[in-house]
Amino acid sequence: MSDEADAIVRKTVSLPASTWREIEDFQFSRRMKKDSVAIRYLIDLGLKAEAARKKEDK
């Protein structure tokens, strides 16, 4: 497999202030030093939950 599959891609995302506060609260509660780590973790959780949901729907 190519290293390009895991290349870092940067995106700019606009979020409501309330969503950002929730991310910051999550980051603080997990003692994560960087907000980017918290965001990637939450995205990964969401993607795994969606995959599990799709699997259940079959």
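Because the structure is a prediction, the values reported are computed rather than measured.

Caption draft 1: Structural context of the overall build of the chain. A tally of helices and strands in the chain yields two helices and zero strands. Relative to the compact-globule value of 10 Å for 58 residues, the chain shows a C-alpha radius of gyration of 14 Å, a clear excess of over 25%. Structurally, the chain occupies a C-alpha span of about 35 × 30 × 25 Å along its principal axes. A total of 58 residues make up the chain; the buried ones form 9% of that total. Carbon and sulfur atoms make up 54% of the accessible area of the chain, which totals about 5800 Å². Taking the average location of the 13 positive side-chain charges in the chain and that of its 11 negative ones, the two points are 2 Å from each other.

Caption draft 2: Broad picture of the packing of helix α1 (residues 17-29) against helix α2 (residues 35-57). In contact at an axis separation of 9 Å, α1 and α2 are set at 100° when each is read in the N-to-C sense. Between α1 and α2, the crossing angle belongs to the class labelled roughly perpendicular. Of the residues in α2, those touching α1 at Trp20, Ile23, Phe26 and Gln27 are Asp35, Ala38, Ile39, Tyr41 and Leu42. Its residues placed into classes, the contact of α1 with α2 shows seven nonpolar, one polar and one charged.

Caption draft 3: Representation of the pattern of salt bridges. A complete count under the given rule lists three salt bridges for this structure. Note that aspartate 44 and lysine 48 form a salt bridge whose closest N and O atoms lie 3.2 Å from each other. With aspartate 44 and lysine 48 both in helix α2 and four residues apart, this pair spans about one turn of that helix. Salt-bridge contacts for arginine 53 lead to aspartate 57; the nearest nitrogen and oxygen are separated by 2.6 Å. Of the two residues, arginine 53 and aspartate 57 are both situated in helix α2; the distance of four residues between them amounts to about one turn of the helix. When its relative accessible area of 55% is taken as the criterion, aspartate 57 is described as exposed. Overlapping salt bridges, with partners in common, bring together Glu50, Arg53 and Asp57 in one network.

Analysis parameters
Residues numbered from 1 in each chain as written. Predicted model: local features only at pLDDT ≥ 70, side-chain atom pairs only at ≥ 80, totals over all residues. Heavy atoms only, no water. Helix = DSSP H or I, 4+ residues; strand = E, 2+ residues; numbered from the N terminus. Rg over C-alpha atoms; globule rule 2.2 N^0.38 Å. Buried < 20%, exposed > 50% of the residue type's maximum accessible area, 1.4 Å probe, protein only. Areas by Shrake-Rupley, 256 points an atom, 1.4 Å probe, with all protein chains shown as cover. Lys, Arg positive; Asp, Glu negative; His and termini not counted. Charge placed at Lys NZ, Arg CZ, Asp CG, Glu CD. Axes fitted to C-alpha atoms, helices over the stretch in contact; angles between N-to-C directions. Parallel < 35°, antiparallel > 145°, perpendicular 65-115°, else oblique. Contact = heavy atoms within 4.5 Å. Nonpolar A, V, L, I, M, F, W, Y, C, P; charged D, E, K, R; others polar. Salt bridge = Lys/Arg side-chain N within 4 Å of Asp/Glu carboxyl O.

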